[in-house]
Amino acid sequence: MSRSLRRTTAILAACGLVIAACGSDDDSDSVASSDTQTTDAEDTAVEDNVTVTPPEETSPPEETSPPEETSAQEPEPTEAPAEIEPLDLTLGVFPGAWPNINDFVAQETGIFERHGLNVEMIDLATGPDQINAVASGSIDLASNAPANFMIPNSRGQDLVGVVNVINAPLYSWVAQGDWPTPNADEPYPGPVEDFRGANIGITGLGAEVHLFTQALLRDAGLSDDDVTFIAVGGVATGVAAFEAGQTDIHVAFEPAQTLLTNQFDGKIMLDLRAGEGPEVFNQVSGQIRGALRSSVESEPEKFVRYQDATEEVIEFIRDPANLDAVIDAFSVYTGLERDLAQSLIESNRETLSPIYSCVGHDALAQFEVDVEQIPEGDTQECDEFFWSGADRFLER
């Protein structure tokens, strides 16, 4: 399966509203050919005492037209069902990152194509980049955490969720192997005290990893003044900054956790995936796809096809029988060694789900109010936040 053209999109000027985070079956028309069997007239033995009268000569038979074919003799060919007309869709993806595992696999296995989608993936390394691009109409769909759509909506945007992808938190705070962690075994927020004085790598300022880290600092009695945030971009550049020693702690999502801990002596200080940290972070969805409401209302079929493809590919990835195919597809975009890719997929595939929790939504909305990212009274109910065409994905 050929890999789709992937390009990096320059992000249009951000509305100041924007924040956020991070072959075909050969039916071999077997024409049944029945061998026409001809039988020679048998020679008849004539006994001597029997007189055989030769037949009277007759005129040769008149030529007749061949009988008309009837449906009983040979059925009329039926017209093949018309192929689905493909629709173009542009999708923002985090380069080589787990949050887009569904899209990478759907592209490489032909699932998008089967659902009538020509998908062009646009590399956008940070949450704010994704939101800027979808808000400006540069892409049809953005990949992001729910809060990164909720916050701009509270400031005038009209973005809607289309389908959920990951129903668990994504982030870990990974430190250099020699970074002092005397509070590592303390209950939360104890380990956060060890953030003091660190250069912390984040995808970008205002991204969800930034906002979540600020919340951890507050819980530990620290502030932004106690650390230095460094915007390092996506997985590849973030890992490179960590390897070069430019960051002491990296706020990671896969495959960064796997790379940092297996290849660069990193150690996990706090892991939301393990249920650590604030309870609210463990209630919320980790990743959805969102779009402008006006886009989904003007071209609903495009987004319905994406929903259907996402449901199919999530089921495909979660099935252990498809592990090799999933590894092959994911490796195209990550370059991970096979054993690392297998470990990552097996550890995380159960978190994939198209279902969005409204309970988690409400908890997240209140958190954003508490940290003054959304004004009181400007939050959206779950039904309003998600597109009406996505109702089947909402768990109330």
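Every value quoted in this text rests on a predicted model; they were computed, and no experiment measured them. (Residues numbered from 1 in each chain as written. Predicted model: local features only at pLDDT ≥ 70, side-chain atom pairs only at ≥ 80, totals over all residues. Heavy atoms only, no water.)

Enquirer: I would appreciate a short explanation of the overall build of the protein in the present structure.
Expert: Broken down by element type, the protein carries 13 helices and 13 strands. As presented, the protein carries roughly 20,000 Å² of accessible surface, and 46% of it is formed by carbon and sulfur atoms. (Helix = DSSP H or I, 4+ residues; strand = E, 2+ residues; numbered from the N terminus. Areas by Shrake-Rupley, 256 points an atom, 1.4 Å probe, with all protein chains shown as cover.)

Enquirer: Just checking my understanding: could you explain the confidence of the model for the protein for this structure?
Expert: When pLDDT is low, close inspection of the predicted coordinates is not appropriate. Per-residue confidence for the protein gives a mean pLDDT of 85; residues scoring 70 or more make up 79%. Scored below 50 in pLDDT, residues 1–81 shows 84 contacts in the model against residues more than four places distant or in partner chains. (pLDDT = per-residue confidence, 0-100. Contact = heavy atoms within 4.5 Å.)

Enquirer: Would you mind showing me how to read the nonpolar core here?
Expert: Soluble, globular proteins show a tendency: their nonpolar side chains are buried together. If you look at the biggest cluster of nonpolar residues, it comprises 107 residues, and the most contacted ones within it are Tyr171, Trp173, Phe195, Ile200 and Ile249. Setting aside residues up to four positions removed in sequence, Ile249 forms contacts with Trp173, Val174, Ala175, Trp179, Asp194, Phe195, Ala198, Asn199, Ile200, Gly201 and Met269. (Core = buried A, V, L, I, M, F, W, Y, C linked by side-chain atoms within 4.5 Å. Buried < 20%, exposed > 50% of the residue type's maximum accessible area, 1.4 Å probe, protein only.)

Enquirer: Which parts of the structure should I look at to understand the pairing of strand β2 (residues 87–93)?
Expert: Note on strand geometry: in a regular strand, side chains alternate between the two faces of the sheet. For β2, a buried count of 5 out of 7 residues is recorded, marking the element as mostly surrounded by other parts of the structure. One ladder, built from 7 bridges, connects β2 with strand β3 (residues 117–123); its direction is parallel. In the strand pairing of β3, Leu89 is matched with Val119. (Pairing = 2+ DSSP bridges.)

Enquirer: I would appreciate a short explanation of the pattern of salt bridges in the present structure.
Expert: Once the charged atoms of two side chains with opposite charge are near each other, the side chains can pair. Taken as a whole and judged by the stated rule, the model has 16 salt bridges. In this structure, Glu312 and Arg114 form a salt bridge, with 2.5 Å as the shortest nitrogen-oxygen distance. Of the two residues, Glu312 is situated in helix α9 (residues 300–318) and Arg114 in helix α2 (residues 111–114); the sequence distance between them amounts to 198 residues. A salt bridge links Glu301 to Arg305; the nearest nitrogen and oxygen atoms lie 2.9 Å apart. With a gap of 4 residues between them, Glu301 and Arg305 both fall in helix α9, about one helical turn apart. Here Glu301 falls in the partly exposed class, since its relative accessible area comes to 41%. Linked through salt bridges whose partners overlap, the residues forming this network are Asp140, Glu299 and Lys302. (Salt bridge = Lys/Arg side-chain N within 4 Å of Asp/Glu carboxyl O.)

Enquirer: What should I look at first to understand the environment of Thr109 in this one?
Expert: Inspection of the secondary structure puts Thr109 in helix α1 (residues 101–109). Polar contacts involving the side chain of Thr109 include one to the main-chain carbonyl oxygen of Val105, which spans 2.6 Å. (Polar contact = N/O pair within 3.5 Å; in protein donor to acceptor, adjacent residues only side chain to side chain.)

Enquirer: When you look at the pairing of strand β6 (residues 172–175) in this model, what are you seeing that I'm missing?
Expert: Judged by which residues are buried, β6 turns out to be covered on both faces: Ser172 and Val174 on one side and Trp173 and Ala175 on the other are all buried. As paired strands, β6 and strand β9 (residues 249–252) are joined by 4 bridges and run antiparallel to one another. Bridging from a neighbouring strand, Val174 pairs with His250 of β9.

Enquirer: So what exactly am I meant to see when it comes to the sheet that holds strand β7 (residues 199–202) here?
Expert: Strand order in this open sheet of 5 strands is β8-β7-β9-β6-β10, and the pairing throughout is mixed. Two strands close off the open sheet at either side, each with one partner strand: β8 (228–231) and β10 (267–271). The sheet shows a mean angle of 30° between the axes of neighbouring strands, direction not considered. (Axes fitted to C-alpha atoms, helices over the stretch in contact; angles between N-to-C directions.)

Enquirer: Sorry if this is basic, but what is going on with the sheet that holds strand β4 (residues 142–144) here?
Expert: Strand pairing within a sheet occurs via backbone hydrogen bonds; the two strands may be parallel or antiparallel. Pairing within the open sheet is antiparallel, and its 3 strands lie in the order β4-β11-β5. Each edge of the open sheet is held by one strand with a lone partner, namely β4 and β5 (159–166). The mean inter-strand angle of the sheet, taken between neighbouring strand axes irrespective of direction, is 30°. Looking at chain direction, β5 and strand β11 (residues 287–292) are connected through 6 bridges and run antiparallel. Note on β11: the bridge partner recorded for Ile166 is Gln287. Against the sheet, α9 engages β5 and β11, with an angle of about 15° to β5.

Enquirer: It is not clear to me how the state of the cysteines should be interpreted in this structure. Could you clarify?
Expert: A covalent bond between the sulfur atoms of two cysteines is what we call a disulfide. Tallied over the entire structure, the rule returns 1 disulfide. A sulfur-sulfur distance of 2.1 Å marks the disulfide that ties Cys358 to Cys382. Where Cys358 bonds to Cys382 through sulfur, the torsion about that S-S bond is close to -70°, and the disulfide is left-handed. Of this pair, Cys358 sits in helix α12 (residues 358–370) while Cys382 sits in helix α13 (residues 382–385), placing them 24 residues apart in sequence. Comparing Cys358 with Cys382, the two get one shared label, buried. (Disulfide = S-S within 2.5 Å.)

Enquirer: Looking at this structure, I do not really get the packing of α1 against helix α10 (residues 323–334). What am I missing?
Expert: For any two helices packed against each other, the geometry comes down to the angle between their axes and how far apart the axes lie. Between α1 and α10, the least distance of the axes is 9 Å, while the angle of their chain directions is 110°. Between α1 and α10, the angle is such that the two are roughly perpendicular. Residues Ile101, Phe104, Val105, Gln107 and Glu108 of α1 form the contact with α10, whose participating residues are Val326, Ala329, Phe330, Val332 and Tyr333. Of the residues assigned to the contact of α1 with α10, the class counts are 8 nonpolar, 1 polar and 1 charged. (Parallel < 35°, antiparallel > 145°, perpendicular 65-115°, else oblique. Nonpolar A, V, L, I, M, F, W, Y, C, P; charged D, E, K, R; others polar.)

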